[in-house]
2 protein chains.
Amino acid sequence: MAETVRVVVDAMGGDNAPGEIVKGAVMAVNSRKDIQVILTGREELIRPELDKYTYDAGQVEVVHCEDVIETAEPPVHAISRKKQSSMVVGMNMVKRGEADAIVSAGNSGAILVGGQTVVGRIRGVERPAMAPLIPTENGVALLVDAGGNVDARPTHLVQFAQMGYVYMENVIGIRNPRVAILNIGAEEEKGNALVKETYPLLKACPGINFVGSIEAREIPHGGADVIVCEAFAGNIVLKLYEGVASTLISKVKESMMSSLRTKIGALLIKPALKQTLKSFDASEYGGAPLLGCRGLVVKTHGSAKATDVRNSVIQCVTFKQQGINEKIAQHISGKDGKNDQAYKRE
Amino acid sequence: MAETVRVVVDAMGGDNAPGEIVKGAVMAVNSRKDIQVILTGREELIRPELDKYTYDAGQVEVVHCEDVIETAEPPVHAISRKKQSSMVVGMNMVKRGEADAIVSAGNSGAILVGGQTVVGRIRGVERPAMAPLIPTENGVALLVDAGGNVDARPTHLVQFAQMGYVYMENVIGIRNPRVAILNIGAEEEKGNALVKETYPLLKACPGINFVGSIEAREIPHGGADVIVCEAFAGNIVLKLYEGVASTLISKVKESMMSSLRTKIGALLIKPALKQTLKSFDASEYGGAPLLGCRGLVVKTHGSAKATDVRNSVIQCVTFKQQGINEKIAQHISGKDGKNDQAYKRE
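What you see is a predicted model, and the numbers here were worked out from it, not measured in a lab. (Residues numbered from 1 in each chain as written. Chains lettered and ligands numbered in written order. Predicted model: local features only at pLDDT ≥ 70, side-chain atom pairs only at ≥ 80, totals over all residues. Heavy atoms only, no water.)

A. Inspection of the overall build of chain A at higher detail. Looking only at helices and strands, chain A has 11 helices and 12 strands in total. Computed over the C-alpha atoms, the radius of gyration of chain A is 21 Å, within 12% of the 20 Å expected from 2.2 N^0.38 for a compact globule of 346 residues. Dimensions of chain A along its principal axes, counting C-alpha atoms only, are 60 × 60 × 40 Å. Expressed as a percentage of the 346 residues in chain A, the buried residues total 59%. Residue pairs at least 24 apart in sequence account for 71% of intrachain contacts in chain A once pairs closer than 6 positions are excluded. (Helix = DSSP H or I, 4+ residues; strand = E, 2+ residues; numbered from the N terminus. Rg over C-alpha atoms; globule rule 2.2 N^0.38 Å. Buried < 20%, exposed > 50% of the residue type's maximum accessible area, 1.4 Å probe, protein only. Contact = heavy atoms within 4.5 Å.)

B. Up close: the relation of the copies chain A and chain B. Rotating chain A by 180 degrees about the axis while translating it 0.0 Å along that axis superimposes it on chain B, leaving an RMSD of 0.1 Å. With respect to symmetry, the two chain copies, as superposed, fit the operation of a two-fold axis. Within chain A, the C-alpha atom positioned nearest to the axis of rotation is that of A:Gly265, 1.9 Å from it. Mapped onto chain B, 100% of the interface residues of chain A are again interface residues, and the two copies thus contact each other with one and the same surface. (Least-squares fit on C-alpha atoms with pLDDT ≥ 70 in both.)

C. Structural detail: the interface of chain A and chain B. Of the residues lining the interface, 55 residues belong to chain A; the matching set on chain B comes to 55 residues. Both sides together, the interface formed by chain A and chain B hides about 4700 Å², and carbon and sulfur atoms give 73% of it. The interface formed by chain A and chain B contains 4 salt bridges. Notably, a salt bridge pairs B:Glu242 with A:Arg217, separated by 2.9 Å at the nearest N-O pair. Our count for the contact surface shared by chain A and chain B stands at 18 residue pairs in polar contact (both at pLDDT 80 or more). Looking at the side of chain A that touches chain B, the elements that each hand over two or more residues are β8 (179-183), α7 (193-204), α8 (231-256) and α9 (260-279) of chain A. When residues of the side of chain A that touches chain B are assigned to their parent elements, the largest contribution, 21 residues, is made by α8(A). Of the residues assigned to the side of chain A that touches chain B, the class counts are 30 nonpolar, 17 polar and 8 charged. (Buried area = accessible area lost by both parts, 1.4 Å probe. Salt bridge = Lys/Arg side-chain N within 4 Å of Asp/Glu carboxyl O. Polar contact = N/O pair within 3.5 Å; in protein donor to acceptor, adjacent residues only side chain to side chain. Nonpolar A, V, L, I, M, F, W, Y, C, P; charged D, E, K, R; others polar.)

D. Just the pattern of salt bridges, in detail. By the definition in use, this model includes 30 salt bridges over all chains. Among the salt bridges present, the one from A:Glu98 reaches A:Arg96, with a minimum N-O distance of 2.6 Å. With a relative accessible area of 34%, A:Glu98 lands in the partly exposed category. For A:Arg96, a relative accessible area of 53% puts it in the exposed group. Residue B:Glu215 pairs with A:Lys239 through a salt bridge whose shortest N-O separation is 2.3 Å. Of this pair, B:Glu215 sits in strand β9 (residues 210-215) while A:Lys239 is found in helix α8, placing the two residues in two different chains. For the pair formed by B:Glu215 and A:Lys239, the shared burial category is buried. Via salt bridges that share partners, A:Glu215, A:Arg217, B:Lys239 and B:Glu242 belong to a single interconnected network.

E. Spatial organisation of the packing of helix α1 (residues 19-31) of chain B against helix α2 (residues 43-50) of chain B. Residues and elements named next belong to chain B. At a minimum axis separation of 9 Å, α1 and α2 run at an interaxial angle of 55 degrees. Compared by their axis directions, α1 and α2 come out oblique. In this structure, α1 meets α2 at a crossing whose hand is right-handed. Residues Gly19, Val22 and Val26 of α1 touch α2, and the partners they reach there are Ile46, Glu49 and Leu50. Looking at the contact of α1 with α2 residue by residue, the class counts come to 4 nonpolar, 1 polar and 1 charged. (Axes fitted to C-alpha atoms, helices over the stretch in contact; angles between N-to-C directions. Parallel < 35°, antiparallel > 145°, perpendicular 65-115°, else oblique. Left-handed = near helix turned anticlockwise from the far one by under 90°.)

F. Structural detail: the sheet that holds strand β6 (residues 133-135) of chain A. Residue and element names in this part refer to chain A. With mixed pairing, 5 strands are arranged side by side in an open sheet as β6-β7-β10-β8-β9. Lying at the two open borders of the sheet, with one neighbouring strand each, are β6 and β9 (210-215). With direction set aside, neighbouring strand axes in the sheet form an average angle of 35 degrees. Sheet analysis places β8 next to β9, joined by 5 bridges and oriented parallel. Across the sheet, residue Ala180 finds its bridge partner in β9, namely Gly212. Seen against the sheet, helix α6 (residues 154-172) touches β6, β7 (140-144), β8 and β10 (226-228) and runs at an angle of roughly 150 degrees to β7. Strands in contact with α8 are β6, β7 and β8; relative to β6, the strand with the most contacts, it is inclined by about 40 degrees. (Pairing = 2+ DSSP bridges.)

G. Just the packing of helix α6 (residues 154-172) of chain B against helix α10 (residues 306-321) of chain B, in detail. Residues and elements named next belong to chain B. Interhelical geometry of α6 versus α10 gives an angle of 105 degrees and a closest axis separation of 9 Å. Looking at the two axes, α6 sits roughly perpendicular to α10. For the pair α6 and α10, contact is made by Tyr167, Asn170 and Val171 and by Gln315, Thr318 and Phe319, respectively. When its residues are assigned to classes, the contact of α6 with α10 shows 3 nonpolar, 3 polar and no charged.

H. Broad picture of the sheet that holds strand β7 (residues 140-144) of chain B. Residues and elements named next belong to chain B. One open sheet holds the 5 strands; their spatial order is β6-β7-β10-β8-β9, and the pairing between them is mixed. Of all the strands in the sheet, the pair left with one neighbour each is β6 (133-135) and β9. Direction aside, the axes of adjacent strands within the sheet are offset by 35 degrees on average.

In short, geometric facts, not functional conclusions.
Now the structure itself:
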């Protein structure tokens, strides 16, 4: 059997905590023997939730934490002050090697800050990147960076490409994934100052299968497997995806309820349509890893349900068992000559 | 009767030129008496198209032009070399006041370059902005800037806000439109360097009803009427909108064709659904004006059909009759003290 992976689950993070979070953690351990979950948070709230389910007690541990970081708290302040919060306690366990990964549906900014300052970066990584999977026509694509660390430099973007490449190939299983840079035209001379500076670096970077620029229009059509961008642009892509999809889906539903005729039609279509819309729902694909951190920090969305939590935990297992961080470190270390030409050496 | 508005229609621009372009021009003159259309392009191709329709010959003029700017031509080169092209000839007519506006479905980059260098900017406008209307849950929003002039400065963005405000209020008829800046969080301290610098300027700018930051997720839900952003981000929003909507619509259609059962359901739903999807189709809303140019330059999309052309021409009439450029000049001129505080004086 593969080695057991120890995953902290922040039981207090997100809109549906602790109920759905605990449920998801139990679903994860019940689906595989090689997972051990450590639930951090208020024990008096977690235990009654756990008592609702049957599971192997050896696979679940509860670590009591007094504090909770709230959704609206300023991140830096929260991480530095609330040492006894479920998030910071969990991150410290990852830092000390007592756990391999942490999953949280809590305050995004705090996860980002904590990932960098508490858990820490992989040696050689200049900036970690939040990398959610987004649905496409035929599968998924990885968006790096879609977090809150804006105004990246070209060298950051090259590392995003390297980390994203390793992740898509090894965790998602896409062989030699196509890496593209988000741009406003397909031609090499297009783009803003950052893209123009980054493009030749990506072109010269070995081992990432760089396919050039991708226009936002082509992302949902599956034009690339790894989409490299600065976080401001990435965050816009991620959120607009959600916004357009949800608006359009609610419009379609509305039109189906507009008359008796359409209501009958809707009944006939419903099962097939539900399947379709599900395939375009970002939450099906686990959480977003904070690539470049030691250990693994995974952010699931604030409204995460049990299935999202389960998927995120299972993603951590693949991540650990595939040795992603070791592969990332190896990929990045081609650069230690502090010379862009060094990329070619790998 | 209102004054007649003279609109150049570039008969050679776009995938469906000249057939659909000429047809759209005729539809426009047949819908209103106060429009005169000047078709620029190869007369031997335009005349046979015109001969298919009945219209008041006094409302349509053809100006023969030898050259055509192709879709893939480098914009600056095309505009400076092809003086006898349908686009440049038309733009020069606007510059000289022989026409009030030009509509083109041709090379976007060339329209942008030509608008700035041939037609020229309104006095006081630092940079013109391409401002398409995008569909929302309950109507439309204006995205400024979604063109190709990236890396804008904060003062540009303030002018985008002012021009967008005037346009939405007077052309689209939204009273006191809500102006927001595209951002990655709702809080004032969020954002990249550009947004952080621009935010206080917008807050201090009178007469634009600034409502703060808008996250991309809220755009389709109708969170603002005017969305101010730098062109790189704006272009991503515009193209992702198209991409997600078209992917999702094709997925819905696919699921409806998956079995006999769903096919019957689809027949019942079709008319209502078609209406819904149409309301989410950007091409219904005419073209994108290049705000800040003297006269008016309108870009319709490359695949524009006759209806798009007609709508764009009619949009020009409203633009002219409402004196939008005079209103923009007035709005902008609050700034002639070359002092950001001057915004407060208006």
